[in-house]
Amino acid sequence: MTGEKRAKHQRPTTRSWAEPFKIKMIEPIKMMTREEREKSIAKSGYNTFLLDSEDVYIDLLTDSGTSAMSDRQWAALMMGDEAYAGSRNFYNMVETIQEYYGYKFVVPTHQGRGAEHILSQSMIKEGDYVPGNMYFTTTKFHQEHAGGKFVDIIIDEAHKATSSCLFKGNVDLEKLDKLVKEVGADKIPYVSLETNVNMAGGQPVSMKNMKELSEYCRKHGIAVMLDATRAIENAYFIKTREEGYADRTIASLLKEICSYTDGATMSAKKDGLVNIGGFLAINDEELFVKAKNMVVVYEGLHTYGGMAGRDMEALAQGIREAVDYDYISYRVKQVQYIGEKLEDWGIPIVTPVGGHAIYLDAKRFLPHIAQKDFPAQRLAAALYVESGVRTMERGIVSAGRNAETGENYHPELELVRLTFPRRVYTQSHCDIIAESVADLYDKRDEIKGLKMVYEPENLRFFQARFELL
Ligand SMILES: *Cc1c(COP(=O)(O)O)cnc(C)c1O
């Protein structure tokens, strides 16, 4: 061998890692040409939510309900007890939630927003304030729909695209204290605490911060309600980043996180490793009775809440698998793997990279497009045309309008989210994703903005339509 060849095949100094599972069943994906993709994105009004999934090569739209279930979960489906009332799967699910999350009572819902609806209607009164560590679309909608006003109390660092802060999801207790002094604790039914804050880029909250928040709120008689959607991913970051937690199991960290709160809403479609499902879990019995009265009207009987028996069984199994260290470390490392590549290549992304997604910073990727011309929306559409990779906008379109003034919000962060389904794509897919983004970055000057031609009233990012400027 020549010296040059030998250099090419040098052994790496560290061992690679690989997926902690093997493939038992496959789902073929359709390969399309660029011309076909150009047609389908135009037909979809340059909104990736309106694309047919058939026309997508690698789908990073969301990690919601897109996970691959394990053989044990598929087996659990066969154990479905599809009785209208009192299904054994319900009791198994409740016991599993009590065991791993530690709350006393569980109300099943069809997905996360069903739980948010019930919690908001049960706890928020007209004129209340609901402070939270950054908004999430459906969470904030339900809080405001119930008459509350969302107040952002996340640390300033979270609104910066690049930072070295390892817990960008933390609550700023001074911001909370300022609000309490301004409006009074009796106007604050609860603090809405999200773990691995989605809109900040999947950024964790430290255990220390949660402990301090809990102490503050207990002192002032304010409840803390957890958005537990990605609490297990958050637990992984605490284990690997926060001093004093390295030896703890993911399960024990999850339980400790929940212990600082009074209840939780959960989208089981994320951490729960299932395709549909959710729940509200709480410790207060009075609230539980209220929630059970509501669930029968909006979701289904209080022993299924919109889920089939088999879904509840698969969720119980999913929770047990999700707290497995090998699984969760693979999950987060896959995202970090792409993040490191993009950072090495000088592509502007939100840093540090979070747990479930890579966020391209559209303001720096496309500095020539003004925010009013929807740079992130445009970037998501362009990436689809370039490679068939489907992503979504998290910027001015998602932020929507101020309900009182009707003005557009202009969020600091104008991002495109590449969200990773759990256990679905391999490391080779990851290489293609990173290379596709890099190819598009080389051609970024050719990309122009968009104008919105249809704007739905609620959660506009789902259905808005655009045309090229
Ligand atoms: C997905 C999500 C929700 C809403 O859950 P759905 O199951 O989509 O209704 C709420 N909060 C966060 C942080 C989420 O990521």
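Residues numbered from 1 in each chain as written. Predicted model: local features only at pLDDT ≥ 70, side-chain atom pairs only at ≥ 80, totals over all residues. Heavy atoms only, no water.

> For this particular structure, what's the right way to read the site of the ligand?
Surveying the vicinity of the ligand reveals 15 residues, the closest of which are R113, D227, R230, S267 and K270. With respect to the ligand, the side chain of Q111 contributes an N or O atom lying 2.9 Å from an oxygen atom. At a separation of 2.9 Å, an oxygen atom of the ligand approaches a polar backbone atom of G112. Expressed as a share of its isolated accessible area of 370 Å², the protein-covered part of the ligand is 96%. If you list the elements that add at least two residues to the shell around the ligand, you get helix 5 (112–123) and helix 6 (137–145). Examining the composition of the shell around the ligand, we find that three residues originate from one element, helix 5, more than from any other. Class assignment for the residues of the shell around the ligand results in one nonpolar, seven polar and seven charged. (Near = heavy atom within 4 Å. Polar contact = N/O pair within 3.5 Å; in protein donor to acceptor, adjacent residues only side chain to side chain. Areas by Shrake-Rupley, 256 points an atom, 1.4 Å probe, with all protein chains shown as cover. Helix = DSSP H or I, 4+ residues; strand = E, 2+ residues; numbered from the N terminus. Nonpolar A, V, L, I, M, F, W, Y, C, P; charged D, E, K, R; others polar.)

> Is there a simple way to explain the environment of V437 in this structure?
Tracing the backbone through its elements, the reader meets V437 in helix 17 (residues 427–442). Taking relative accessible area as the criterion, V437 reaches 1% and is therefore assigned buried. Along the primary structure V437 and E194 are separated by 243 residues, whereas in three dimensions their C-alpha atoms are 29 Å apart. For V437, the residues in contact, after removing those within four places along its chain, are L342, I347, L360, F365, L383 and L418. (Buried < 20%, exposed > 50% of the residue type's maximum accessible area, 1.4 Å probe, protein only. Contact = heavy atoms within 4.5 Å.)

> Sorry, what's going on with the packing of aromatic side chains here?
For any two aromatic rings, the description comes down to two numbers: the centre-to-centre distance and the angle of the planes. Enumeration over the complete set of coordinates arrives at 15 aromatic pairs. Between F461 and F462 the ring centres are 4.2 Å apart and the planes differ by 40°, which places this aromatic pair in the tilted class. A residue is classified by how much of its surface remains accessible, and F461, at 2% relative accessible area, is buried. Exposure remark for F462: the relative accessible area of 26% places this residue in the partly exposed category. Through a chain of ring-to-ring contacts, three or more aromatic side chains come together here, namely W17, F21, Y327, Y330 and Y337. Over the ring of Y135 we find K140; its NZ or CZ atom is 4.7 Å from the centre of that ring. (Phe/Tyr/Trp six-rings, centres within 6.5 Å; stacked < 30°, edge-to-face > 60°. Lys NZ or Arg CZ within 6 Å of the ring centre and 35° of its normal.)

> Could you clarify how one ought to interpret the nonpolar core in this entry?
Nonpolar side chains tend to gather and get buried jointly when the protein is soluble and globular. Counting residues in each nonpolar core, the largest one holds 74 residues, and the members touching the most others are Y101, L176 and L213. Per-domain counts for this core show at least three residues from each of domain 1 (34–63 + 325–468) and domain 2 (71–322). In this structure, L213 is in contact with V171, L173, L176, V191, L193 and V224, ignoring residues within four places of it in sequence. The next biggest cluster of nonpolar side chains, apart from the first, holds 33 residues, and it includes L366, Y425, C430 and Y441. (Core = buried A, V, L, I, M, F, W, Y, C linked by side-chain atoms within 4.5 Å. Domains from an automatic or database assignment.)

> Looking at this structure, how should I read the state of the cysteines?
Every disulfide links exactly two cysteines, by a covalent bond between their sulfur atoms. Counted by the stated rule, this structure contains zero disulfides. Free of any disulfide, C258 has its nearest neighbouring cysteine sulfur in C217, separated by 16 Å. (Disulfide = S-S within 2.5 Å.)

> Looking at this structure, how should I read helix 15 (residues 375–387)?
Structurally, the α-helix is built with 3.6 residues per turn, so residues lying three or four positions apart point the same way. Between the first and last C-alpha of helix 15 there are 18 Å, a value that for 13 residues agrees with the 18 Å anticipated at 1.5 Å per step. Most of helix 15 is tucked away, with 13 of its 13 residues classed as buried. The positive-phi residue at the C-terminal boundary of helix 15 is G388, with phi of around 80°. (Expected span 1.5 Å × (residues − 1).)

> Quick question: what am I supposed to make of the sheet that holds strand 11 (residues 392–394) here?
Backbone hydrogen bonds hold the strands of a sheet together, and the pairing may be parallel or antiparallel. Spatial strand order, 9-12-11: three strands in an open sheet with antiparallel pairing. A single partner strand is all that each edge strand has here, and the edge strands are strand 9 (357–361) and strand 11. For this sheet, the mean inter-axis angle between neighbouring strands, taken without regard to orientation, is 35°. Direction of pairing for strand 11 relative to strand 12 (residues 415–419): antiparallel, over a ladder of three bridges. (Pairing = 2+ DSSP bridges. Axes fitted to C-alpha atoms, helices over the stretch in contact; angles between N-to-C directions.)

> Explain the pattern of salt bridges here, please?
Oppositely charged side chains are able to pair whenever their charged atoms sit close together. By the definition in use, this model includes 27 salt bridges. A salt bridge links D59 to R390, with the nearest nitrogen and oxygen atoms 2.9 Å apart. A residue pair is termed long-range when its members are at least 10 positions apart, and D59 in strand 1 (residues 58–59) and R390 in strand 10 (residues 389–390) qualify at 331 residues. With a shortest N-O distance of 2.9 Å, D63 and R422 are connected by a salt bridge. Here R422 lies in the loop between strand 12 and helix 17 and D63 lies in the loop between strand 1 and helix 3 (71–77), a separation of 359 residues in the sequence. Given a relative accessible area of 0%, D63 falls into the buried group. (Salt bridge = Lys/Arg side-chain N within 4 Å of Asp/Glu carboxyl O.)

> Can you walk me through a nonpolar patch on the surface in this structure?
Judged by side-chain polarity, F21, I23 and I26 come together as a nonpolar surface patch covering roughly 320 Å² of accessible area. Take F21: it is sitting in the loop between helix 1 (3–8) and helix 2 (34–43). (Patch = residues over 30% accessible without salt bridge, like charges linked within 9 Å, V, L, I, M, F, W, Y side chains within 5 Å.)

> For this particular structure, what's the right way to read the packing of helix 5 against helix 11 (residues 285–298)?
Each packed pair of helices is defined by two parameters, the angle between the axes and the distance between the axes. Packing of helix 5 against helix 11 leaves a shortest axis separation of 10 Å and a crossing angle of 130°. Looking at the two axes, helix 5 sits oblique to helix 11. The two elements helix 5 and helix 11 meet at a crossing, and its hand is right-handed. Only L287, K290, A291, M294, V295 and Y298 of helix 11 make contact with helix 5, whose side of the interface consists of H117, I118, Q121, S122 and M123. (Parallel < 35°, antiparallel > 145°, perpendicular 65-115°, else oblique. Left-handed = near helix turned anticlockwise from the far one by under 90°.)

> I keep staring at the packing of helix 7 (residues 173–183) against helix 8 (residues 207–220) and nothing clicks. Help me out?
Two elements in contact, helix 7 and helix 8, have axes separated by 11 Å at closest approach and are oriented at 15°. When the interaxial angle is binned, helix 7 and helix 8 end up roughly parallel. Pair helix 7 / helix 8 crosses with right-handed handedness. Residue-level inspection shows L173, L176, D177 and V180 of helix 7 in contact with helix 8, the latter providing E212, L213, Y216, C217 and H220. Taken together, the residues of the contact of helix 7 with helix 8 sort by class into six nonpolar, one polar and two charged.

> Any chance you could explain the domain arrangement of the protein here in plain terms?
Much of the literature gives interface size as the accessible area that the parts lose upon coming together. Looking at the protein, the domain boundaries give domain 1 (34–63 + 325–468) and domain 2 (71–322). Taken over C-alpha atoms, the centre of domain 1 sits 26 Å from the centre of domain 2. Between domain 1 and domain 2, the residue contacts involve 34 residues of the former and 37 residues of the latter. Note on domain 1 versus domain 2: buried area summed over both sides is about 2,700 Å², and carbon and sulfur give 58% of it. Per-residue buried area on domain 1 facing domain 2 is highest for I328, P352 and L413; these three make up 19% of the total on that side. Of the charged contacts, one joins E321 and R423 as a salt bridge, the two residues approaching to 2.9 Å between their closest N and O atoms. (Buried area = accessible area lost by both parts, 1.4 Å probe.)

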